[in-house]
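A look at the structure
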Amino acid sequence: MAGASNNVHRSIVTTESRSVRWLLTGLALLFIALFLVVPLASVFYEALRKGFGLYFQALVEPDALSAVKLTLIAALISVPLNLVFGVAAAWAIAKFEFRGKSVLITLIDLPFSVSPVVAGLIYVLMVGAQGWWGPWLIEHDIKIIFAIPGIVLATVFVTFPFVARELIPLMEAQGSEEEQAAMTLGASGWQTFWRVTLPNIKWGLLYGVILANARAMGEFGAVSVVSGHIRGETNTIPLHVEILYNEYNFVGAFACASLLALLALVTLALKSFVEWRAEKQAEAARRDATE
Amino acid sequence: MRRGFNPSLLPPHPSQGNPMSIEIKNINKRFGDFTALDNLNLDIASGELLALLGPSGCGKTTLLRIIAGLETPDQGQILFHGEDATDTHVRERQVGFVFQHYALFRHMTVFENVAFGLRVRPKKTRPTEAVIKKKVHDLLGLVQLDWLADRYPAQLSGGQRQRIALARALAVEPRVLLLDEPFGALDTKVRKELRRWLRRLHDEMHITSVFVTHDQEEALEVADRVVVMNKGKIEQIGTPEQVYDTPETPFVYQFLGDVNLFHSRVHEGWAEIGGARIEAPNSPNETTATVYVRPHEIDLSRDASDSAIAGVITHIRLLGATVRLEVEVAGHEAVEVELTRERYQDGAWRVGDPVWLNPREARVYTAG
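Here is a short report on the structure shown in this document. (Residues numbered from 1 in each chain as written. Chains lettered and ligands numbered in written order. Predicted model: local features only at pLDDT ≥ 70, side-chain atom pairs only at ≥ 80, totals over all residues. Heavy atoms only, no water.)

**Examining the sheet that holds strand E12 (residues 270–273) of chain B**
Residue and element names in this part refer to chain B. Strand order in the open sheet formed by five strands is E13-E12-E11-E14-E20, with antiparallel pairing between adjacent strands. Pairing within the sheet leaves two strands with one partner each, and these edge strands are strand E13 (276–279) and strand E20 (363–366). In this sheet, neighbouring strand axes are inclined to one another by 35° on average, regardless of whether the strands run parallel or antiparallel. Judged from the four bridges that link them, E12 and E13 form a sheet pairing that is antiparallel. Each bridged residue has a counterpart across the sheet, and for Ile-273 the counterpart in E13 is Ala-276. (Pairing = 2+ DSSP bridges. Helix = DSSP H or I, 4+ residues; strand = E, 2+ residues; numbered from the N terminus. Axes fitted to C-alpha atoms, helices over the stretch in contact; angles between N-to-C directions.)

**A short note on the sheet that holds strand E18 (residues 335–340) of chain B**
Residues and elements named next belong to chain B. Reading across from one edge, E15-E19-E16-E17-E18 is the order of the five strands in this open sheet, with antiparallel pairing throughout. In this open sheet, the two strands that pair with only one neighbour each are strand E15 (298–301) and E18. Direction aside, neighbouring strands of the sheet carry axes that sit 45° apart on average. Two elements, strand E17 (residues 322–329) and E18, share six bridges in a ladder whose sense is antiparallel. Across the sheet, the residue bridging to Arg-324 is Glu-338, located in E18.

**Points about the packing of helix H4 (residues 62–95) of chain A against helix H5 (residues 101–113) of chain A**
Residues and elements named next belong to chain A. Contact pair H4 / H5: the axes reach a minimum separation of 11 Å and the direction vectors enclose 150°. Our classification of the angle between H4 and H5 gives roughly antiparallel. Between H4 and H5 lies a crossing of left-handed hand. Along the contact surface, H4 presents Phe-85, Ala-89 and Ile-93, while H5 presents Lys-101, Leu-104, Ile-105 and Ile-108. Across the contact of H4 with H5, the residue classes tally to six nonpolar, no polar and one charged. (Parallel < 35°, antiparallel > 145°, perpendicular 65-115°, else oblique. Left-handed = near helix turned anticlockwise from the far one by under 90°. Contact = heavy atoms within 4.5 Å. Nonpolar A, V, L, I, M, F, W, Y, C, P; charged D, E, K, R; others polar.)

**Some words on the environment of Met-183 of chain A**
Mapped onto the secondary structure, Met-183 of chain A falls in helix H10 (residues 177–184). For Met-183 of chain A, a relative accessible area of 24% gives the class partly exposed. Apart from residues no more than four positions distant in its own chain, Met-183 of chain A is found in contact with Thr-192 of chain A together with His-89, Val-90 and Arg-91 of chain B. (Buried < 20%, exposed > 50% of the residue type's maximum accessible area, 1.4 Å probe, protein only.)

**Focus: the pairing of E13 of chain B**
Judged by which residues are buried, E13 of chain B turns out to be one-sided: Ala-276 and Ile-278 of chain B face inward and are buried, whereas Arg-277 and Glu-279 of chain B, on the alternate face, are not. The turn linking E12 of chain B back onto E13 of chain B is made up of two residues, and Gly-274 of chain B within it adopts a positive phi angle of 55°.

**Here we look at a nonpolar patch on the surface**
All names here are of chain A. Together, Leu-29, Phe-31, Ile-32, Leu-34, Phe-35, Leu-36 and Val-37 give the surface a local cluster of nonpolar side chains, amounting to about 750 Å² of exposed area. With respect to the helices and strands, the residue Phe-35 is situated in helix H2 (residues 18–48). On the basis of relative accessibility, which here comes to 52%, the residue Phe-35 falls in the exposed class. (Patch = residues over 30% accessible without salt bridge, like charges linked within 9 Å, V, L, I, M, F, W, Y side chains within 5 Å. Areas by Shrake-Rupley, 256 points an atom, 1.4 Å probe, with all protein chains shown as cover. Salt bridge = Lys/Arg side-chain N within 4 Å of Asp/Glu carboxyl O.)

**A word on the interface of chain A and chain B**
A common way to report how large an interface is uses the accessible area buried once the components associate. Taken residue by residue, the interface counts 21 residues in chain A and 24 residues in chain B. Taken together, the two surfaces of chain A and chain B that pack against each other cover about 2,100 Å², and 59% of this comes from carbon and sulfur. A salt bridge links Arg-106 of chain B to Glu-178 of chain A; the nearest nitrogen and oxygen atoms lie 2.7 Å apart. Our enumeration of links across chain A and chain B arrives at six residue pairs in polar contact (both at pLDDT 80 or more). Those elements giving two or more residues to the side of chain A that touches chain B turn out to be H10, helix H11 (189–218) and helix H14 (250–290) of chain A. With seven residues, H10 of chain A is the largest single contributor of residues to the side of chain A that touches chain B. Tallied by class, the residues present in the side of chain A that touches chain B amount to nine nonpolar, eight polar and four charged. (Buried area = accessible area lost by both parts, 1.4 Å probe. Polar contact = N/O pair within 3.5 Å; in protein donor to acceptor, adjacent residues only side chain to side chain.)

Below you can see the structure in the form of structure tokens.
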């Protein structure tokens, strides 16, 4: 009983008055409702306003299907690329000391600091018809800008940092002693990576991949510059949404937008699950350690 | 209740009867401007248990890592059993390395940790699953932790992790066992137990072993020979008795145990400190000298004497079996004297008593 009254006493000492608490909590909830919940709900509301029939019709229309397909292609190529690159870069940065390491870290962050539109323009400048390698590419009949390769390139660029950024702090915290131990036990570099390094980073890696995938599917600016907006050919879902909206086809625009919103919700759920798993693992280890 | 060490649980070991010697020749290692190892030479005999002892930053861990192949020397050679191993990759050196913080694989059970070295072998030499299972359980029995096979490292205590790390290192049948501060992260009681345990283990296996420590007590208790290092160089190599009883340099004298320092001058083969005369036969005449006296090598007397150091007791501290007195001496910093409990009670010493100090043993080091 003494303990309980102590707790009550302490909570009075360490918190604000009831009115302040209500005010602050209310403000925070209001802000979240206004800027996050209402817009999200409105997407689904607008999409379904004229019934499920029109909603599904808007989704299975050939141009919409082609946009979904292209978005999936871009994500399927760019996410694995970034996964491999991200692991390699994080491995190099976290486990080794070398000259130019800070330059490499800055370069990895570049896509975060550059506007996506600029990111798209870079590719137009390099491989566009008037670009540096444009004439050579035209000569050899290779289409990059206003075609799928351009969209993939732009997507790879903007999703570049996600996996590496997620892994570098994790790997730095873990150090390289386990890898050294594996080597003294006779493991090759490849065995060390698969049996020691990868299992230690798998949840962080998955987290980075989920974020990179969300960005790859939702990217607008960079892709918009290199795509050329050819209906049924070079439109991804975000670009398709814009076109439909500009044509006052609100049901179609919001139906496709709802796909992206759904993707966001699925991503959030996955992200929470991954975090929960990682946390549960750590917690179990801690609990058993103190038994 | 900890069970006793049972040598019959030992797995057969190929290095038994054929242990390995290590020669370290003219090794240099620098990290930027910092010289970690300065032209170092050391021979490690087959089957011995050697301690590398020194303060932090003396290069002892770097030397251990160079022997393992985890670090490359800038210059010099490492010979394993007479063969040059300088360019041999760590995974081919067949060394067992126990890391200071154990470096157990956190996502593997204890069993899988110990089995790791066997599982990563090339297909041709990889043992069958049944052999791996037996071997791992034998090793876990050896370190008396068979009942922890299914646990994860995070679920173990420090002492348990240490022993699993050792079992894991032994699983690959190393030719050399290297241990980096093996007991550094453990509390005093566990540390003392593990120390004796490691010594007994070594006596059974006779595998050439080198361990790094900054704890002189640990080195003196466990090792066959002690290498005292300072600033990338070896100060002295010898048995624990040799380095403790006949320290060759002032550094070794100070590092191995407590010491009182007196500044003096050598005059015709004698150094004088406050009346007491210490023999210094080999020191050049009229040179400044430092006299080292250990606290337990000083006799106390109530009788005034010209050939003793006069002082006054200022502090008395009871430390279990021994008693430490602090004696103020004119023109000198306080002198520490260590007595056994009985001698302290026989003398009935009290704070404020005048006292005359007589060094039984002392060493004189002249400058330069």
